Amino acid sequence: MQGFNKYYPPDYDGEKHGSLNSYRGKHALGDRARKIDQGILITRFELPFNIWCGTCNNHIGMGVRYNAEKKKIGNYYSTPIFSFRCKCHLCSGWFEIQTDPKAISGARQKDEEWNPEENGGFAIHDTDGKAENVDPLAALEKSTDAQNHHKNVQVPRLESLMDVSEQYNADPYSLSRKVRKHFRQDKKVRVEKEKADIQVRDRYALPTTLKLAEEDEKALQEAKDQWHKARQEKLSLENRRRKLPPTATSITSISGSRTHASSSSSSGVASLRAKILNNTAKQSARHKLGGIGPQLER
Ligand SMILES: [Zn+2]
């Protein structure tokens, strides 16, 4: 009987016996340690996969639990390999399962490896070649196609690539010289342009980050055209202004700011003009009548 309770009998001596278990001559794990002298511990073990019993040939499902004899049988480097020896519950046969997955005896594992094709996927490795059901004519046709492709496409392509490569690698010195010369010329132009840009920016106090437009023939011509067009428009507008009489309406229509200041004076000018016209008309009438104007006028 395992020492479940803490009853200390009268003849128990702590110094002599050490513990209640040793006083009763029992292991701390009780009945599970009954084969501990053979290195076997009885543990509860659950089947990790479906198996077929080797003795009665019955199917035993994954997850069925047994009181298994657990024993260390070796090492994989520093990892211990345990074996679990179970007694079939349907017959009296024993089977043994080890933590080394290759080893199982007394039963066989049901083949339940993941099969992608069964689960709606595609097999990644097709190691078992289906060489036995290949149509020889189809194979011949395929190989002829491959040969033709090799001869007509791949070989010429490779040859042209090799030609190009040879051309590039034939005289590296002259090629490098050519490239460097070209680069130097480019750089000269670029530096000069940069200088001119800086001058322009300095003159007009533009921000240094502002990018100036490229100066080529087309852009210059466009700018010139725009300038001419704007000038023509301005001139025609001025001509039109000159031709129109400076009446009150024309002034109000052209410049809004001047209307209020000049409307009174312009109306005065108009009235003056009307008066003068009136007077000249009267004078001419008087000349026709002959010297009686002043009396009539009063
Ligand atoms: Zn069995």
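Provided above is the structure to which this section pertains.
As the structure is a prediction and not an experimental result, all values here were calculated from the model.

**Focus: the pairing of strand E5 (residues 79-87)**
Examined bridge by bridge, strand E4 (residues 65-76) and E5 share 7 bridges and lie antiparallel to one another. Paired with Glu69 across the strands is Arg85, a residue of E5. Hairpin remark: E4 followed by E5, antiparallel, with 2 residues in the connecting loop; positive phi at Tyr77, about 50°. Judged from the 5 bridges that link them, E5 and strand E6 (residues 94-98) form a sheet pairing that is antiparallel. Paired with Ser83 across the bridge in E6 is Gln98. Taking the residues that link successive antiparallel strands as the turn, the E5-E6 hairpin has 6 residues.

**A closer look at helix H4 (residues 172-204)**
The end-to-end C-alpha distance of H4 is 48 Å, a good match for the 48 Å that 33 residues give at a rise of 1.5 Å each. Across the 33 residues of H4, 0 count as buried, placing the element largely on the outside. After H4 finishes, the residue Ala205 shows a positive phi value of roughly 55°.

**A closer look at the sheet that holds strand E8 (residues 107-109)**
An order of E3-E2-E8 is seen for the 3 strands of this open sheet, with the pairing classed as antiparallel. Where the open sheet ends on each side, the last strands, each with one partner, are strand E3 (59-60) and E8. Two elements, strand E2 (residues 51-53) and E3, share 2 bridges in a ladder whose sense is antiparallel. Each residue of the ladder has a partner; that of Trp52, found in E3, is His59.

**Some points on the nonpolar core**
In this structure, Leu47, Ile51, Ile60, Tyr66, Ala68, Cys86, Cys88, Phe95, Ile97 and Ala107 together form the largest nonpolar core, which totals 10 residues. Of all the elements in the fold, those that place two or more residues in this core are E4 and E6. Discounting residues that sit within four places of it in the chain, Ala68 has contacts with Thr43, Phe45, Phe84, Arg85 and Cys86.

Rules used throughout
- Residues numbered from 1 in each chain as written.
- Predicted model: local features only at pLDDT ≥ 70, side-chain atom pairs only at ≥ 80, totals over all residues.
- Pairing = 2+ DSSP bridges.
- Helix = DSSP H or I, 4+ residues; strand = E, 2+ residues; numbered from the N terminus.
- Expected span 1.5 Å × (residues − 1).
- Buried ≥ 20, exposed ≤ 12 C-beta atoms within 10 Å, placed from the backbone.
- Core = buried A, V, L, I, M, F, W, Y, C linked by C-beta atoms within 7 Å.
- Contact = placed C-beta atoms within 7 Å.

Keep in mind that these numbers describe shape and distance, not what the molecule does.
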